[in-house]
Amino acid sequence: MTIRVGIGYDLHRLEGGGDHLMLGGVRVPFDGGAVAHSDGDVVIHALIDAMLGAAGLGNIGQRFPDSDPNLRGVDSMALLERTIRLLHSSGFTVVNADMVVVLERPRLAPHLDAMRQRIAECLKIERHRVSVKPKTNEGVGPEGRGEAVSAQAVVLVQQQ
Ligand code: MG
């Protein structure tokens, strides 16, 4: 059995005018929105890159390019579903996934369980193997000023 690790990162700019953010597959009410070609879910985008990196299957930009008109406004959970199928077809399963999401507001604590549940179901693993941790940026940097939301992910995979 082979064990491998992958890392992922993503950031999207925030702008006024929206009414929610998609984070970890969950709709979070917010008086703004993420600037994105897709639904702008940085948690899922970081996770996908970590999974692809761990399995040596490229990166999100290669697999799901911004230039593809079929991916405009796409549900990032659909991309995560395609990613886990890619891993499974190469003999990989996810051991655990740990994510950090950085934004100043809104508070994410009420939504974390739902994010873990959605991600675990999509990856076909138990919920205790998925972790999502919110952080503020202490008011500094683009996240701290409310100009952006970012996420980091680390994933361990095993290949039978
Ligand atoms: Mg992205």
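Predicted model only: the values in this text are computed from it and were never measured.

Caption draft 1: Looking closely at the overall build of the protein. Along the backbone of the protein there are five helices and seven strands. Expressed along its principal axes, the backbone C-alpha trace of the protein runs to roughly 45 × 35 × 25 Å. Here the protein displays about 7,800 Å² of accessible surface, and carbon together with sulfur accounts for 49% of that area. Of the charged side chains in the protein, 17 are positive and 19 negative, and the gap between their average positions amounts to 5 Å.

Caption draft 2: Summary view of the pattern of salt bridges. Going through the model one piece at a time under the given rule, you end up with seven salt bridges. With its nearest N and O atoms 3.2 Å apart, the salt bridge here joins Asp31 to Arg105. Taken together, the residues span a long stretch of sequence, with Asp31 in the loop between strand E3 (26-29) and strand E4 (33-34) and Arg105 in the loop between strand E5 (92-102) and helix H4 (112-123) at a distance of 74 residues. In this structure Arg105 comes out as partly exposed when scored by relative accessible area, which is 48%. Salt-bridge contacts for Arg85 lead to Glu81; the nearest nitrogen and oxygen are separated by 3.6 Å. In this pair, Arg85 and Glu81 are both assigned in helix H3 (residues 76-89), four residues apart and thus about one turn of the helix distant. Owing to a relative accessible area of 25%, Glu81 belongs among the partly exposed residues under this scheme.

Caption draft 3: Highlighting the environment of Phe64. By secondary structure assignment, the location of Phe64 is in the loop between helix H2 (60-63) and H3. C-alpha of Phe64 to C-alpha of Ile44: the two residues are 20 residues apart in sequence and 13 Å apart in space. Filtering out sequence-adjacent residues up to four positions away, Phe64 remains in contact with Ile48, Leu71, Leu79, Arg82 and Thr83.

Caption draft 4: Representation of the sheet that holds strand E1 (residues 2-15). The five strands are arranged E4-E1-E7-E5-E6 in an open sheet whose pairing can be described as mixed. Each edge of the open sheet carries a strand with a single partner, namely E4 and strand E6 (130-135). When E1 meets strand E7 (residues 148-159), the two strands line up antiparallel, connected through 12 bridges. Bridge pairing in E7 links Val5 to Leu156. Against the sheet, helix H1 (residues 42-55) contacts E1, E5 and E7, and its axis sits at roughly 155° relative to E1.

Caption draft 5: Highlighting the coordination of the magnesium ion. The coordination sphere of the magnesium ion contains the protein donors Asp10 (OD), His12 (NE2) and His45 (ND1), at a distance range of 2.1 to 2.2 Å. Sequence positions of the donors to the magnesium ion reduce to the motif D-x1-H-x32-H. With His12 in strand E1 and His45 in helix H1, this pair connects stretches of sequence that are 33 residues apart. Of the two residues, His12 and His45, both sit in the buried class.

Caption draft 6: Representation of H4. Given a rise of 1.5 Å per residue, 12 residues ought to cover 16 Å, and the 16 Å separating the end C-alpha atoms of H4 matches this to within 8%. Of the positions making up H4, those classed as buried are Leu112, Met115, Ile119, Ala120, Cys122 and Leu123. All buried residues of H4 project into a common sector of 160° when viewed along the axis, lining one side. In this structure, the buried residues of H4 make contact with strand E2 (20-23), E3, H1, H3, E5 and E6. Backbone geometry just downstream of H4 places Lys124 in the positive-phi region, at approximately 60°.

Parameters and conventions
- Once a new chain begins, its residue numbering starts again from 1 and follows that chain's sequence as written.
- Only residues with pLDDT of at least 70 get local features here, since the model is predicted, and only at 80 or more are side-chain atom pairs given and counted; chain-wide, interface and lining totals rely on the full set of residues.
- Excluded from the side-chain calculations are hydrogens and water; all other atoms, namely the structure's heavy atoms, are used.
- The secondary structure listing takes helices from DSSP runs of H or I that are at least 4 residues long and strands from runs of E that are at least 2 residues long, numbered from the N terminus.
- The Shrake-Rupley method, run with a 1.4 Å probe, gives the accessible areas here. Residue values count only the displayed protein chains as cover.
- His is not counted, nor are the chain ends; Lys and Arg add positive charge and Asp and Glu add negative charge.
- Charged side chains are reduced to one point each, which is NZ for Lys, CZ for Arg, CG for Asp and CD for Glu.
- Here a salt bridge means any side-chain nitrogen of Lys or Arg lying within 4 Å of a carboxyl oxygen belonging to Asp or Glu.
- Only protein chains enter the accessibility calculation, which uses a 1.4 Å probe; a residue is then buried when its area is under 20% of its type maximum, exposed when over 50%, and partly exposed in between.
- Throughout, a residue-residue contact means that at least one pair of heavy atoms, one from each residue, lies within 4.5 Å.
- Being paired, for any two strands, means DSSP has found at least two bridges between them.
- For helices, the axis comes from a line fit to the C-alpha atoms of the stretch in contact; other axes are also lines fit to C-alpha atoms, and the angle between any two N-to-C directions lies between 0 and 180 degrees.
- In this analysis a donor is any N, O or S atom within 2.8 Å of a metal ion (3.2 Å for sodium, potassium and calcium), and since water is not included, sites may seem incomplete.
- Expected helix span is computed as 1.5 Å times (number of residues minus one).
- In this description, the arc belongs to the directions extending from the helix axis to the C-beta atoms.

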